[in-house]
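# Fold and geometry: a report
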Amino acid sequence: MKKIAVFGSGAGSNFSALYEAFGSQIDLVVSDQKEAGLLKKAEALGIRTVYEKGGRDLCQRILPHLEGIDLICLAGFMRLVKEPLLSAFPRKILNIHPSLLPSYPGLFAWEQAVEDGATESGCTVHYVDTGMDTGEIILQATVPVLPKDTAKTLHARIQVEEHRIYPEAVRLVLGAGEGCASA
Ligand code: GRF
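Quick summary incoming for the structure in this document.

What counts, and at which threshold
- Residues numbered from 1 in each chain as written.
- Predicted model: local features only at pLDDT ≥ 70, side-chain atom pairs only at ≥ 80, totals over all residues.
- Heavy atoms only, no water.
- Helix = DSSP H or I, 4+ residues; strand = E, 2+ residues; numbered from the N terminus.
- Rg over C-alpha atoms; globule rule 2.2 N^0.38 Å.
- Buried < 20%, exposed > 50% of the residue type's maximum accessible area, 1.4 Å probe, protein only.
- Areas by Shrake-Rupley, 256 points an atom, 1.4 Å probe, with all protein chains shown as cover.
- 1 Å grid on protein atoms, 1.4 Å probe; cavity = no way out; pocket = protein on both sides within 12 Å on 5 of 7 lines; lining within 4 Å.
- Points joined across faces, edges and corners; volume = space filled by probe spheres on them.
- Nonpolar A, V, L, I, M, F, W, Y, C, P; charged D, E, K, R; others polar.
- Arc of directions from axis to C-beta.
- Contact = heavy atoms within 4.5 Å.
- Phe/Tyr/Trp six-rings, centres within 6.5 Å; stacked < 30°, edge-to-face > 60°.
- Lys NZ or Arg CZ within 6 Å of the ring centre and 35° of its normal.
- Near = heavy atom within 4 Å.
- Polar contact = N/O pair within 3.5 Å; in protein donor to acceptor, adjacent residues only side chain to side chain.
- Sits in = over half its atoms within 2 Å of the grid points.

### So, the overall build of the protein chain
A count of helical and extended segments in the protein chain gives six helices and eight strands. Listing each helix as α and each strand as β along the protein chain from the N terminus yields β-α-β-α-β-α-β-α-β-α-β-β-α-β. What you see for the protein chain is a C-alpha radius of gyration of 16 Å, in line with the 16 Å of a compact globule of 183 residues. Considering only C-alpha atoms, the protein chain reaches an extent of 45 × 35 × 30 Å along its principal axes. With 183 residues in all, the protein chain has 45% of them scored as buried. Roughly 9,000 Å² of accessible area belongs to the protein chain as shown, and the carbon and sulfur atoms make up 55% of that amount.

Below you can see the structure in the form of structure tokens.
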């Protein structure tokens with residue numbers, strides 16, 4: 001059974017979706033925020049948690065905790081993942097981003113979509129590389145941007161799709177059918 005670590009800094013709704021899909025395969029939850037909702041959710045489920053304060057050697061400090069982990073899922077982790085993690089987990093670190101990459105990488109993706117008057121938005125699961133939201137795309141899902149949308153209503157619509165495609169992308173990566181598709 002492949003073991004998954006989820007990294008996040010926030011509420012942890014994607015963690016919950018992954019837990020629903022993979023149960024005890026979720027072996028570890030890592031956060032740079034002591035009060036993150038995701039840490040509390042993981043603790044309540046009896047999942048091992050690690051808190052590491054942000055800072056220059058963050059990835060170095062996280063690495064020893066990852067013994068036995070096969071796949072890392074970033075889910076709202078507000079830090080750039082760098083060496084030595086990238087080399088230790090080649091094509092084994094995924095991220096979910098709330099836009100149709102390559103549009104709107106980085107922060108405030110859904111706010112920007114609303115401000116720009118975009119008619120479509122969505123989410124992307126991709127491999128993590130050295131760039132900011134630049135890695136190879138695994139799955140994407142599209143949602144409409146409605147005329148009355150605020151950043152909040154659009155994000156809520158995007159998150160429904162995030163919770164659907166993240167587990168699907170993990171299945172693709174863990175199974176034989178690694179690939180790039182549109183969901
Ligand atoms: C998600 O919208 C994800 O795309 C972005 O951060 C948010 C995390 O939400 N990277 P949650 O903590 O999983 O609820």
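### Some details on the layout of surface pockets
One number sums up the size of the largest pocket: a volume of about 770 Å³. Counting only elements with at least two residues in the lining of the largest pocket, the list comes to α1 (13-22), β5 (93-97), α5 (109-115) and α6 (151-174). Partitioning the lining of the largest pocket into residue classes produces 16 nonpolar, 14 polar and four charged.

### Comments concerning helix α2 (residues 37-44)
Residues of α2 that are buried: Leu38, Leu39 and Ala42. All buried residues of α2 fall inside an arc of 100 degrees around its axis, so they share one side. Where the residues of α2 are buried, they touch β1 (4-7), α1, β2 (26-31) and β3 (48-51). Where α2 ends, the next residue or the one after it, Gly46, has phi of about 75 degrees, a positive value.

### Topic: the packing of aromatic side chains
Applying the stated criterion across every chain, the model contains two aromatic pairs. The interplanar angle of 70 degrees and the centroid separation of 5.3 Å between the aromatic rings of Phe7 and Phe77 together place this pair among those described as edge-to-face. Here Phe7, found in strand β1, pairs with Phe77, found in the loop between β4 (71-74) and α4 (85-88); they are 70 residues apart in sequence, far enough to count as distant. For the pair formed by Phe7 and Phe77, the shared burial category is buried. When the ring centre of Tyr127 is taken as reference, the NZ or CZ atom of Arg91 above it lies at 4.3 Å.

### Comments concerning the site of the ligand
Neighbouring the ligand are the residues Gly10, Ala11, Gly12, Ser13, Asn14, Gly76, Ile96, His97, Pro98, His155, Gln159 and Glu162. A distance of 3.4 Å separates an oxygen atom of the ligand from a polar atom in the backbone of Ala11. The side chain of Glu162 places a nitrogen or oxygen atom 2.5 Å from an oxygen atom of the ligand. Protein coverage of the free-state accessible area of the ligand, which is 370 Å², stands at 86%. Its atoms largely coinciding with the cavity grid, the ligand occupies the largest pocket. Breaking the shell around the ligand down by element, the ones donating at least two residues are α1, β5 and α6.

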